[in-house]
Amino acid sequence: MNHGYDGRGVYDGYHREEGPGGAAHGQDGYEQNGHGQDAHGQDGDVYAVYGRGDDAGGPGAAVRASADGGRNSGAAPPQERTFAALPPARGRGFASSWWGRAWLKALEDTALDGTQLKKGRGVAREGRVGAISVRPGRITAVVRDRDASAYRSDVLLQELDEAEWERFLDVAAARAGHVAALLDRELPPHLVEDAAAAGVELLPGIGDLEPSCSCEAWDHCPHTAALCYQVARLLDQDPFVLLLMRGRGERLLLDELQLRIAAHAPQRVPSGSKTPADGPGAACAASAEAAHGGVRADEAFAARDILPPLPAPPPLPDEPGPVPSLETEAETEPGIDTAALELLAADGATRAHRMLADALSPDHAHRPLPTALTPQQDAVRLVADARPGPWIVERLATGSGRSPAALDAAVRAWRYGGAAGIAVLDEEWAPDPETLARARARLADAWEEDERPRLRAAGNRWTAAEDGVQLRYGRDGRWWPYREEDGHWVPAGPGDEDPTAALGGSDRAERAEGPDGTGGGNRAGRPGISDG
């Protein structure tokens, strides 16, 4: 039963025996010298699997509709797709996806003659498999031998029954990650495992790929083997090919999945929002709605190789965006302070810009998490960073429980050390004796014997009243310099783990030095430290 191609590359060897009215589901017998009116494909590999069927329900219409991947606008989606002949595959494997390799394993475990499989790989590599028709339970192609003989080859796969499809749809709709993977044309292992646990085997196993070829071989011949190898390449690109063989085309499957997801989703639409349109996008939106709390951690981890990479982060703006003015002709509601709102908006923009700059910095992952501020500390930060007008400063002072002078000292502490600086300003406590002993030793080693400013220790505060300087030890392990102003101790510099460095870095110490860098109590003598 060898049949050849005509000069145009159109195979004219089979004619489908149609049922009444050219129905798409006629018998699968074929005759020689059919007309092939509805054959199509590309690049000279066109073939006519079906005979003439130009009416809406005939096989010709079904083949034409399959050209759009099963998404035509008819009342019922066509359950058939036709793929143009694949190019030669020299020097590469036939499957890169795990499900494509599982398909080939089923073929190789089923075939009894390894020699035939080897010949089939050669036929496929040379690109001698024509256009491939995929429909429920069957794949079909015309395969040519090197002597130009051509054979119709079919591989049959058991369709899932209605009960199995119901269970599969339940499994797929149960997790947003399953739907997202299908929409990305992926077949993740956890979906296949969940389906198998529900008694639905998606991937073929030993003996599931049943061959049928016009060469009349009883096992997988080179022609059916070549067809299977090329189908593995199709599966790499689109796992819906496998689902169609199992009985559901892409459009029908996604429509059923969408209805199932919508039935379990909350029956509410937020005010002002639009209902998603029909199609795969709607199914994805519905799955997100049904997920409520998002995607499970194990699903997200399993999808790490499925999801596309994140886009590059946007460039950092040079400065925060301008804050819109709230000064309008409209009357302000009683109790609304527009100037304060503008200040808060500007502060929010500045903080967002700073946080974005920090997030985009190379060492962001190694930085410690910022300390959460209390409302009182945040009031100090707002005065330090936003520099509001006097009347807002007065309100913030009242809200933070500080006098204007105390708020000014707190602002200085914030600028020197943030929340840690404010804590040193406010807290009095007793460090452990070993810490105090190490600090005394460092101070003693840094000073001469001649002049000895006396530092009197009281808890974490060491004071040289005659020089107007003070050191405070913080719970962060740093010493902080203070100076006396108008009878109050105010922050005078940043903290340091070395008390001598902290004292030398204070504003007071810098002002006490002479023009030549000499003089000043910080270097002239060794301080004596007494408990007071």
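All values derive from a computational prediction rather than experimental measurement. (Residues numbered from 1 in each chain as written. Predicted model: local features only at pLDDT ≥ 70, side-chain atom pairs only at ≥ 80, totals over all residues. Heavy atoms only, no water.)

Focus on the overall build of the protein
No. 1: Each helix and strand counted, the protein has 19 helices and 13 strands in total.
No. 2: Split into buried and exposed, the 532 residues of the protein put 43% on the buried side.
No. 3: When the accessible area of the protein is evaluated, it comes to approximately 28000 Å², of which 52% is carbon and sulfur surface. (Helix = DSSP H or I, 4+ residues; strand = E, 2+ residues; numbered from the N terminus. Buried < 20%, exposed > 50% of the residue type's maximum accessible area, 1.4 Å probe, protein only. Areas by Shrake-Rupley, 256 points an atom, 1.4 Å probe, with all protein chains shown as cover.)

Thoughts on the packing of helix α3 (residues 114-125) against helix α7 (residues 222-237)
No. 1: In the contact formed by α3 and α7, the axes pass within 7 Å of each other and the chain directions differ by 55°. Taken together, the axes of α3 and α7 lie oblique to each other. Once α3 is placed against α7, the crossing between them reads as right-handed. When α3 is examined against α7, the residues Gln116, Leu117, Lys119, Gly120, Arg121, Val123 and Ala124 are found in contact with a partner set consisting of Pro222, Ala225, Ala226, Tyr229 and Gln230. (Axes fitted to C-alpha atoms, helices over the stretch in contact; angles between N-to-C directions. Parallel < 35°, antiparallel > 145°, perpendicular 65-115°, else oblique. Left-handed = near helix turned anticlockwise from the far one by under 90°. Contact = heavy atoms within 4.5 Å.)

A few points about the nonpolar core
No. 1: In this structure, Trp103, Phe168, Leu202 and Met245 are the most contacted members of the largest nonpolar core, which totals 58 residues.
No. 2: Excluding residues that lie within four positions of it along the chain, Leu202 makes contacts with Leu160, Phe168, Leu187, Val192, Ala195, Leu242, Leu243 and Arg246.
No. 3: Ala384, Val411, Leu425 and Val490 belong to the second largest nonpolar core, which has 22 residues in total. (Core = buried A, V, L, I, M, F, W, Y, C linked by side-chain atoms within 4.5 Å.)

Quick notes on the pairing of strand β6 (residues 150-156)
No. 1: By the criterion of burial, β6 is predominantly enclosed, with six of the seven residues buried.
No. 2: Where strand β5 (residues 138-144) meets β6, seven bridges bridge the pair, whose relative direction is antiparallel. The residue of β6 that forms the bridge with Val143 is Tyr151.
No. 3: Between β5 and β6, which pair antiparallel one after the other, the connecting turn spans five residues, and Ala148 there sits at a positive phi close to 75°.
No. 4: When β6 meets strand β7 (residues 210-213), the two strands line up antiparallel, connected through four bridges. Looking at β7, one finds that Ser153 is bridged to Cys213. (Pairing = 2+ DSSP bridges.)

Structural notes on the side chain of Arg260
No. 1: Checked against the element boundaries, Arg260 lands in helix α9 (residues 250-264).
No. 2: Overall, the relative accessible area of 16% leaves Arg260 in the buried class.
No. 3: Polar side-chain contacts of Arg260 include one of 2.8 Å to the side chain of Glu166.
No. 4: A polar contact is formed between the side chain of Arg260 and the side chain of Asp170, at a distance of 2.5 Å. (Polar contact = N/O pair within 3.5 Å; in protein donor to acceptor, adjacent residues only side chain to side chain.)

Some details on helix α15 (residues 404-426)
No. 1: Taking 1.5 Å per residue as the helical rise, α15 with its 23 residues ought to reach 33 Å, whereas the 15 Å between its terminal C-alpha atoms falls clearly short.
No. 2: Of all the bends in α15, the greatest, near 135°, is centred on Gly417.
No. 3: Listed as buried for α15 are Leu407, Ala409, Ala410, Val411, Ala413, Trp414, Gly418, Ala419, Gly421, Ile422, Val424 and Leu425.
No. 4: The secondary structure elements touched by the buried residues of α15 are α13 (375-386), α14 (390-400), β9 (461-464), β10 (469-473), β11 (479-485) and β12 (488-491). (Expected span 1.5 Å × (residues − 1). Bend = angle between axes of the 7 residues up to and from the residue.)

With respect to the pairing of β12
No. 1: As defined by bridge partners, β11 adjoins β12 across four bridges and the pair is classed as antiparallel. Following the sheet pairing, Glu484 is matched in β12 by Trp489.

Observations concerning the sheet that holds β6
No. 1: A sheet is described by the order of its strands in space; here five strands give the open sequence β3-β4-β5-β6-β7, paired in antiparallel fashion. The outermost strands of the open sheet, each flanked by one partner alone, are β3 (81-83) and β7. In this sheet, adjacent strand axes meet at a mean angle of 20° when their direction is disregarded.
No. 2: Here five bridges tie strand β4 (residues 129-135) to β5, and the two strands are oriented antiparallel to one another. Note on β5: the bridge partner recorded for Ile132 is Ala141.

So, the packing of helix α12 (residues 338-360) against α13
No. 1: Viewed as axis vectors pointing N to C, α12 and α13 meet at an angle of 85°, and their least axial separation amounts to 11 Å. Between α12 and α13, the interaxial angle falls into the category roughly perpendicular. Each of Leu343, Leu344, Asp347, Arg351 and Arg354 in α12 lies in contact with α13, whose residues at this interface are Asp378, Arg381, Leu382, Asp385 and Ala386.
No. 2: In terms of residue class, the contact of α12 with α13 is built from four nonpolar, no polar and six charged. (Nonpolar A, V, L, I, M, F, W, Y, C, P; charged D, E, K, R; others polar.)

Overview of a nonpolar patch on the surface
No. 1: Residues Leu326, Ile336, Leu341 and Leu344 make up a contiguous nonpolar surface patch of about 340 Å² in total accessible area.
No. 2: Within the fold, Ile336 resides in the loop between α11 (297-302) and α12. (Patch = residues over 30% accessible without salt bridge, like charges linked within 9 Å, V, L, I, M, F, W, Y side chains within 5 Å. Salt bridge = Lys/Arg side-chain N within 4 Å of Asp/Glu carboxyl O.)

Regarding the side chain of Gln230
No. 1: By the element assignment, Gln230 lies in helix α7.
No. 2: Look at Gln230 and you get buried, because its relative accessible area is 1%.
No. 3: Discounting residues that sit within four places of it in the chain, Gln230 has contacts with Leu86, Pro87, Phe94, Ala124, Val129 and Ile132.

Examining the pattern of salt bridges
No. 1: In total, this model carries 28 salt bridges according to the counting rule given.
No. 2: With its nearest N and O atoms 2.8 Å apart, the salt bridge here joins Arg260 to Glu166. Of the two residues, Arg260 is situated in helix α9 and Glu166 in helix α4 (residues 162-174); the sequence distance between them amounts to 94 residues.
No. 3: Here Glu485 makes a salt bridge to Arg412, at a shortest N to O gap of 3.3 Å.

Section: the environment of Asn460
No. 1: Locating Asn460 in the fold gives a position in the loop between β8 (454-458) and β9.
No. 2: The class of Asn460 is buried, set by a relative accessible area of 2%.
No. 3: The sequence separation of Asn460 and Leu471 amounts to 11 residues, and the corresponding C-alpha distance is 8.1 Å.
No. 4: If we skip the residues at most four places from it in the chain, Asn460 touches Glu427, Glu428, Trp429, Pro431, Leu471, Arg472 and Tyr473.
No. 5: At 3.5 Å, the side chain of Asn460 and the backbone oxygen of Glu427 are in polar contact.

So, unusual backbone geometry
No. 1: Residues other than glycine seldom take positive phi values, yet Ala148 does so here, at roughly 75°.
No. 2: Tracing the backbone shows Ala148 in the loop between β5 and β6.
No. 3: With a phi close to 50°, Arg387 is a non-glycine residue in the positive phi region.
No. 4: Judged by its relative accessible area of 60%, Arg387 is exposed.

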